[in-house]
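Observations on chain architecture
Below are the chains, spelled out letter by letter.
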Amino acid sequence: MILAPMQGLTEVLFRRVYEKCFPKAIPLAVSPFISLTHNLLQSPEELSKNGKLADILPSNNSDSIPVIPQILGKEPDEFIAVANCLYEMGYREVNWNIGCPMRQVTAKHRGSGILPYPEEVRHILNTIIPNLKPALSVKMRIGLRDKSEIFNIIPVLNDYPLASVTIHPRLGRQQYTGIPDLEIYGLALQQLRHPVIYNGDIRTPADVHNILSRFPETSNIMIGRGILYNPSLPLEIKNETHNSQFSIHNHNSQFIKCLLQEIFSYYSADESRIRKIKEYWCLLWHSLSITESEARLVLRLQTLTDVDKKIQTFLQ
């Protein structure tokens, strides 16, 4: 089980609180992406001073879920420099993001925007693979605009030694709408020569069972929004909630309380605290026994005191 990279959400603040509340429930995470457009410096010492990289600094992650840094970009020389610096910082694997669906990313042939261009993918891999110190894994969609695009990418990926390929079986243009295309996932799974990780719409233990029973060659499952909707989900998947003392509501409530405390400690300005709390609340309210209309009351509040007070009433 792997925690998916979710920009602004599954960052070190979240991973640290999660590991504290649910120790060892998730053995591995992929970090939200490091963008090569951030003009990153090229030595470990300089890299560690870049504020945009605080999420993956080993010193910040000592008590969090173990993490694989993810890189977004198409500049081979910069990719090599950043990946090798991460190796010197202790990371033995980096992940290349060719799945991000954000339009401002895809328009520049980044993320899933590169999937219609297999020769561009080949050029990048041909340049970086011989020069990388860490192992390389890939996280991708089935295409940007057409599901046939993945089948032009697979022969390219098969020519290189990759640690794994994670597939989110949606098109980039779908964003997060529609349903994952499991038929395409199954065909891709048969053709890829690498360990394949499934990602997409895992909300219940039954979802995991359905994927693994239908596609037993799947090497692992990556979960993103499902854990925000229900932080106890990994324990349910492992069947560790049968204890009579275990209450999903109480564990989820305690996690949200700890996350709020961490946000209060991490951010100094009330405006930043409110913004971050509301970002999480849009997903986390699903883990509580409340209605959507009740959850929306929090989003309408303007002061930190009111937001915190209202959320606390739901955590009893």
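Located above this text is the structure these notes cover.
Here we summarise the structure given alongside this text. (Residues numbered from 1 in each chain as written. Predicted model: local features only at pLDDT ≥ 70, side-chain atom pairs only at ≥ 80, totals over all residues. Heavy atoms only, no water.)

Re unusual backbone geometry
A negative phi angle characterises most non-glycine residues, just as the trans form characterises most peptide bonds. Notably, Gln 175 is not glycine yet its phi reads approximately 55 degrees, a positive angle. Counting through the fold element by element, Gln 175 comes out in the loop between β8 (165-171) and α7 (182-191). For Gln 175, a relative accessible area of 22% translates into the label partly exposed. (Helix = DSSP H or I, 4+ residues; strand = E, 2+ residues; numbered from the N terminus. Buried < 20%, exposed > 50% of the residue type's maximum accessible area, 1.4 Å probe, protein only.)

What about the side chain of His 168?
Locating His 168 in the fold gives a position in strand β8. Residues contacting His 168, with those up to four places away along its chain left out, are Met 140, Arg 141, Ile 142, Tyr 176, Asn 199 and Gly 200. (Contact = heavy atoms within 4.5 Å.)

With respect to the sheet that holds strand β5 (residues 70-72)
Here 10 strands make up an open sheet; going across it, the order is β3-β5-β6-β7-β8-β9-β10-β1-β2-β4 and the pairing parallel. The two strands at the open ends of the sheet, each matched to only one other strand, are β3 (34-35) and β4 (67-68). The sheet strands contacting helix α6 (residues 149-157) are β7 (135-143) and β8, and the helix crosses β7 at an angle near 165 degrees. (Pairing = 2+ DSSP bridges. Axes fitted to C-alpha atoms, helices over the stretch in contact; angles between N-to-C directions.)

Digging into the environment of Pro 231
Tracing the backbone shows Pro 231 in the loop between α9 (225-229) and α10 (233-237). Sequence separation of Pro 231 and Ser 253 is 22 residues, and the distance between their C-alpha atoms is 9.4 Å. Residues contacting Pro 231, with those up to four places away along its chain left out, are Tyr 18, Phe 22, Asn 252, Phe 255, Leu 284 and Ser 287.

Thoughts on the environment of Met 1
Position of Met 1 among the secondary structure elements: in the segment before β1 (2-3). For Met 1 and Lys 238, which are 237 residues apart along the polypeptide, the C-alpha to C-alpha distance reads 9.9 Å. In this view, Met 1 contacts Ala 25, Ile 26, Pro 27, Leu 28, Asn 220, Ile 221, Ile 223, Pro 234, Ile 237 and Lys 238; residues no more than four positions away in its chain are not counted.

Observations concerning the pairing of strand β6 (residues 93-98)
The element β6 is extensively covered by neighbouring structure, given that five of its six residues are classed as buried. Where β5 meets β6, two bridges bridge the pair, whose relative direction is parallel. Within β6, the residue paired with Ile 71 across the bridge is Trp 96. Regarding topology, helix α3 (residues 76-88) serves as the crossover connection from β5 to the parallel β6, and that connection is right-handed. (Right-handed = clockwise from strand over helix to strand, strands pointing away.)

Regarding empty space enclosed by the protein
Throughout the structure, instances matching the rule amount to one cavity of 30 Å³ or more. In this structure, the largest cavity encloses a volume near 50 Å³. Lining the largest cavity are Ile 256, Leu 259, Leu 260, Ile 263, Ile 277, Tyr 280, Trp 281, Leu 284 and Ile 311. Listed by contribution, the elements that provide at least two residues to the lining of the largest cavity are α11 (248-266) and α12 (270-284). Its residues assigned to classes, the lining of the largest cavity shows nine nonpolar, no polar and no charged. (1 Å grid on protein atoms, 1.4 Å probe; cavity = no way out; pocket = protein on both sides within 12 Å on 5 of 7 lines; lining within 4 Å. Points joined across faces, edges and corners; volume = space filled by probe spheres on them. Nonpolar A, V, L, I, M, F, W, Y, C, P; charged D, E, K, R; others polar.)

Bear in mind that shape data such as this cannot, by itself, settle questions of function.
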